[in-house]
Amino acid sequence: MRILNRAVYVGPSLYAHFPVIRLELDLGALEDWPTVRLGTEFIDGLVAALPGLSEHGCSYRAPGGFVRRMREDEGTWLGHVLEHVAIELQNIAGEDVSFGRTRSISDDRPGVYSVVYEYAQKEEGVAAGELALRLLNSLLPAELRSHTHIEGGVPDDWDWNSARDDFIRYAQKRALGPSTASLVRAAEERGIPWLRVNPTSSLIQFGHGTYQQRIQATVTGRTSHIAVELAGDKEETNKILASRGIPVPRQVLVITADDAVAAARKLGGPVVLKPYNGNHGRGITIDISADDGIREAFAAAQAHSTSVIVETYQPGDDHRLLVINGELVAATRRTPGHVVGDGASTIATLVERVNQDPRRGVGHEKVLTRIELDPQAALMMERAGHDASSVPGADEVVFLRSTANLSTGGTATDVTDVIHPDNRDMAVRAVGAIGLDVGGVDFITTNIAESYRSIGGAICEVNAAPGFRMHVAPSEGTPRDAAGPVIDMLFPPGTPSRVPIAAITGTNGKTTTTRMLAHIAKMAGFKPGFTTTDGVYIDGQRTVEGDMTGPVSARMVLADPQIDMAILETARGGLLRAGMGVPSVDVGAVLNVASDHLGLKGVDTLEQLAQIKRIVVEVATECAVLNADDPNVLKMSAYTDARTICYVTMNPSHALVREHIRAGGRACALEAGINGHMITLYDKGSHIPLMWTHLVPATMEGRALHNVQNAMFAAAMAFSLGIKLDAIRQALRTFDTTFYQAPGRMNVYAEHPFKVLMDYGHNAHAIGMMADLAQRLDVAGRRIVVFTGPGDRRDEDLRAIADTVAGKFDHYFVRRDDALRGRTGDEVPRILAAALVAAGVAQDAIEVIPDEPLAVDAALRAAGPGDLLLVFADALARTWKQITKFQSEGDDRRPVPRVELPVLAEGMDESAFAAMEGVRREERGLVFEREDAD
């Protein structure tokens, strides 16, 4: 049993619309060992290790269903079992996940399963799958363990309990803490999006772009730095509160044990020693008077801070009063970790019994934390005349901590409903005096229901970043919504938190349509952020170079504080690898589904490719924009829950679109008129002529039909985003296809005696559209093409590319890309050349020049006055520079040079081949600066 492959999906994917992990699991010989055959010992051992599995419903949809599935009939297979174990492991670590799905991958791969399960945090989810594999292995009969891969192997001394607790601690270090998690839940309840800025910290961004607010734990982006510093300075806090007449104990700051003893004598009576700038109750000792005890307490405090505070001891119960935005939200009485004697059991036994409370767990896993018999507990027992083996009397309370923090085993009781108004006002004044927007007041009093003015009491601390766990999940009393008021403070009702998001996918046209829509948004007054195959752009400026069409770049845009609209080019690769970067979009568009990348990553048919691209409209909430002329896209209308479907068609007699329009639906259609073709919008019965196609520069006076369609999609999406018609018209009038506005997208250079058209087309559909455009353009001379296909495409795909250009040009230069992608040096151009010949192209019209710069140079030298040269480029910046810097040698038509280039010989590595080609480039004066990113 081994994991062959693992994919972590951060957002909507083929498997779910939320984060999931997919394992490709090979059971090997264990395919013949379903749970019934493994026997009762295996099943009982698994349930004993993870009792929560008894609550899993599985296909029975009722508690106990999964265990029943393991025991009945033939049982179930270990892939399915691993799915449930991975989910339950996350559950015991405090995560609320439940989704899973396991399926056999195919009949020709017996024993190999697709195991999908939900996760909350990436590292935790991955670790859960690995630990699940080890647990299952440890429970197998000894004779079967040899069939498991080393990844899931366990040593003989492997201990499940230790492994489980280590996993919980590992998960909690990476999971959101209780306070942060409660804030995230409150935001989700209000429909406010959030991003975790750092996967290992509690820094959270609420809202998108320009509307964002940040929190870290319970410190907000509005929390004053000075206030946080003051709250951490216990001495200064004490002075500020005292100066305002707020009750506080008297204090002395000391740096030596002798000074601490002297300060205690000066203050008189029992005292408290605590670190100058500590937290979480660490290093605090209370109610001590003896000199030896003071010295020990000083050492404990100094372990956390060089300076130590000695203050008068205030008898009473410890209360935490939570103040948010000037209002007291919750009040909790905290009791230090303790046990109550029964006259028969030792303290160690009592602690073990207390820790059996299902509400107690490791760290922040549960509502309560386990009590530990550590040195601090030993000190407390010693002060009470006990040790771990002592047997306390019946009802005797033995405190094992001096402070009441929940993180050290304390308990919390909600007292919000009984707090006296004077105490409430005092807490609000104290937090205001420090200047915190969110603050926790530690108040000692014998009775919170009575005024401090009558019975006394004192504030010992004011805390920045107060924990919410004791309030949202108290041990006793009513849970309080501590997080909601914080979110309402950051986003008052009616305040926007989301930016409009548009996502665009398809086989071809994605980048141009994305750029068109971004241009429209810019002209409409927005500051758009958009992602494309050549980088991330923020308000028109490229901030990151490279192919940025996956989930990482999407989050990059949404995290930028400048943007107020996001436009996301969403490619097949990112969807397959990690899913979408956002859980939903306002407008999603699918331009087309054509043959490309088939045979890669398990996608072999157009139908499978359409299923991947369909994800974009599955998660669209406002509008799904679909190509009605593409049958595979048209079918996607059945899979979207968007409020509106907008069809785009270049066929004015499209029957389905006509009925859709008559029913009041939205559409963008191309209509013929006496002046040409009109891009027309329909919505709710309105007929809205937008503009003539020949007025859109990117369409080459309407001849570039693929850009006509791209403009229609951009217009439809802009209209669905609420952008005004005049802004759409003006933007389409001013969008062109220069290299600097749309690199590699039908870039024209007309400064030579001949015209050059450069494009990034790399599949049969895209190359065919450009070839057809070349036929529609008025050309006085010859038509010449330089083209190739990516090396990782199937031979049949390469032949299809050749078929789309065959017979449409007078001369053909066939090359390869710089990246061979598994092919030999001239394999791709030779396949293409053979396909051209098979399609009827004359042999003397074909030149095989594998190297891209050499092929482009040969074509430029061959072109004469009035010719059209169509160059399909891979290295865009390099090729464009080559085209624009080419020096024409008069108007005489030059013969095509026949270049015999080295072929990658058997046994020759690619680096040696590249070196040979580099020498030839230098010999021909064809040395160009390589672009940083395509």
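Residues numbered from 1 in each chain as written. Predicted model: local features only at pLDDT ≥ 70, side-chain atom pairs only at ≥ 80, totals over all residues. Heavy atoms only, no water.

Turning our eyes to something else, we now look at the sheet that holds strand β29 (residues 644-649). Strand order across the open sheet formed by 11 strands is β25-β24-β23-β26-β22-β27-β28-β29-β30-β31-β32, with mixed pairing between neighbours. Lying at the two open borders of the sheet, with one neighbouring strand each, are β25 (541-545) and β32 (686-692). This sheet shows a mean twist of 20 degrees between the axes of neighbouring strands, independent of strand direction. Sheet topology note: the β29/strand β30 (residues 666-673) ladder contains four bridges and is parallel. Considered in β30, the bridge of C646 is made with R666. Along the sheet, helix α26 (residues 725-734) contacts β31 (676-683) and β32; its crossing angle with β32, the most-contacted strand, is approximately 25 degrees. (Pairing = 2+ DSSP bridges. Helix = DSSP H or I, 4+ residues; strand = E, 2+ residues; numbered from the N terminus. Axes fitted to C-alpha atoms, helices over the stretch in contact; angles between N-to-C directions. Contact = heavy atoms within 4.5 Å.)

Let's shift gears to unusual backbone geometry. Located in the positive-phi region is D395, a residue other than glycine, with phi close to 70 degrees. Summarising the element assignment, D395 is placed in the loop between α13 (375-383) and β18 (397-399). If you check the backbone angles, D539 has positive phi at about 50 degrees while not being a glycine. D539 gets classed as buried once you look at its relative accessible area, which sits at 18%. (Buried < 20%, exposed > 50% of the residue type's maximum accessible area, 1.4 Å probe, protein only.)

Scanning the entire structure with this criterion turns up 48 salt bridges. Residue R22 pairs with E24 through a salt bridge whose shortest N-O separation is 4.0 Å. Here R22 falls in the buried class, since its relative accessible area comes to 16%. In this structure, E852 engages R815 in a salt bridge whose closest nitrogen and oxygen atoms are separated by 3.3 Å. (Salt bridge = Lys/Arg side-chain N within 4 Å of Asp/Glu carboxyl O.)

The next point concerns the nonpolar core. In this structure, L78, V85 and L89 are the most contacted members of the largest nonpolar core, which totals 49 residues. Those elements giving two or more residues to this core turn out to be β1 (2-9), β2 (20-26), α2 (40-49), α3 (65-71), α4 (78-92), β4 (112-118), α5 (122-139) and α6 (160-174). In this view, L78 contacts M1, L27, L30, W33, L38, F42, L136 and L140; residues no more than four positions away in its chain are not counted. A518, A521, V708 and A718 belong to the second-largest nonpolar core, a separate cluster that totals 45 residues. (Core = buried A, V, L, I, M, F, W, Y, C linked by side-chain atoms within 4.5 Å.)

Turning our attention to the state of the cysteines. The bond known as a disulfide is covalent and runs between the sulfur atoms of two cysteines. Counted according to the given criterion, the structure contains zero disulfides. You can see C646 has no disulfide; the closest cysteine sulfur is in C623, sitting 5.2 Å from it. With no disulfide of its own, C668 lies closest to C646 among cysteine sulfurs, the gap being 6.4 Å. (Disulfide = S-S within 2.5 Å.)

Sheets are built from strands paired through backbone hydrogen bonds, the pairs being either parallel or antiparallel. Strand order in the open sheet made by the five strands is β19-β14-β13-β20-β21, with antiparallel pairing throughout. Pairing within the sheet leaves two strands with one partner each, and these edge strands are β19 (411-414) and β21 (458-464). Ignoring strand direction, the axes of neighbouring strands in this sheet form an average angle of 30 degrees. Direction of pairing for strand β20 (residues 438-445) relative to β21: antiparallel, over a ladder of six bridges. Its bridge partner being in β21, G440 is matched across the sheet by N463.

A few words on α5. End to end, α5 covers 26 Å across 18 residues, agreeing with the expected 26 Å (1.5 Å per residue, within 8%). For α5, the buried fraction is high: 13 of the 18 residues fall into the buried class. (Expected span 1.5 Å × (residues − 1).)

For the rest of this paragraph, the subject is a nonpolar patch on the surface. Taken together, the side chains of V340, V397 and F399 present a nonpolar region at the surface, about 230 Å² in accessible area. Here V397 lies in strand β18. Judged by relative accessible area, V397 falls into the partly exposed class, the value being 41%. (Patch = residues over 30% accessible without salt bridge, like charges linked within 9 Å, V, L, I, M, F, W, Y side chains within 5 Å. Areas by Shrake-Rupley, 256 points an atom, 1.4 Å probe, with all protein chains shown as cover.)

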